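# Coordinate analysis (summary)
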Amino acid sequence: MELKMRIGIGCDVHRLALGHSLVLGGLEIPSAQGLIGWSDADVLTHSIIDALLGAVALGDIGSHFPPGDPQYKDISSLILLKRVGAMLAEKGWGVGNIDATIVAEQPKLRGYIDGMRRNLSQTLGITASQVNVKASTSEQIGFAGREEGMVVWAVATVTRK
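Keep in mind that what you see is a predicted model, and the values were worked out from it rather than measured.

## Points about the overall build of the protein
Check the secondary structure of the protein and you find five helices and seven strands. Along the chain direction, N to C, the helices and strands of the protein fall in the order β-β-β-β-α-α-α-β-α-β-α-β. For the protein, the C-alpha radius of gyration of 15 Å lies close to 15 Å, the compact-globule estimate for 161 residues. Here the C-alpha coordinates of the protein stretch approximately 50 × 35 × 25 Å along the principal axes. By the burial criterion, 47% of the 161 residues in the protein qualify as buried. Within the protein, counting contacts between residues at least 6 apart in sequence, those at least 24 apart form 72% of the total. Split by element, the accessible area of the protein, about 8100 Å² in all, is 54% carbon and sulfur.

## Here we look at the pairing of strand β5 (residues 93-103)
Consecutive side chains along a regular strand alternate between the two faces of the sheet. Taken together, the 10 bridges between β5 and strand β7 (residues 149-160) define a ladder with antiparallel strand orientation. Paired with Gly94 across the bridge in β7 is Thr159. With six bridges joining them, β5 and strand β6 (residues 131-136) adopt parallel strand pairing. Following the sheet pairing, Val103 is matched in β6 by Ser136.

Rules used in this analysis
Residues numbered from 1 in each chain as written. Predicted model: local features only at pLDDT ≥ 70, side-chain atom pairs only at ≥ 80, totals over all residues. Heavy atoms only, no water. Helix = DSSP H or I, 4+ residues; strand = E, 2+ residues; numbered from the N terminus. Rg over C-alpha atoms; globule rule 2.2 N^0.38 Å. Buried < 20%, exposed > 50% of the residue type's maximum accessible area, 1.4 Å probe, protein only. Contact = heavy atoms within 4.5 Å. Areas by Shrake-Rupley, 256 points an atom, 1.4 Å probe, with all protein chains shown as cover. Pairing = 2+ DSSP bridges.

Next up, the structure:
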């Protein structure tokens, strides 16, 4: 029996450092520190990509867009997300919904959530109501609490078209 709906989970972590941009959900956010990575280090979009790929058993972000490959140096993660959306469509899947939680002490993200949701939904060709983004702290515990990095957990459902 073929499933009509699947669920995937994604998690991504990037280190924070001075002199780098902070991009989350394709939105550049003013911050003293930014995320370090081969692409734009958009930890939110990366976790969503992994959730979507996992839902359809297509591996992970690194298997499709390997770090160290010059074509992905400083690339916008929204471009990668768009490619993943196309991969899903080729296999007959559409995005049902996405729910993601960003764990970071700083900066405060509440004012940027709607922009992130809009960017992500437009990139995937779905409505903003299908994308939820939350921000939380780790109460100054662990690497995120010490502001050494950010982690994002994402869950996505996909449905047969």
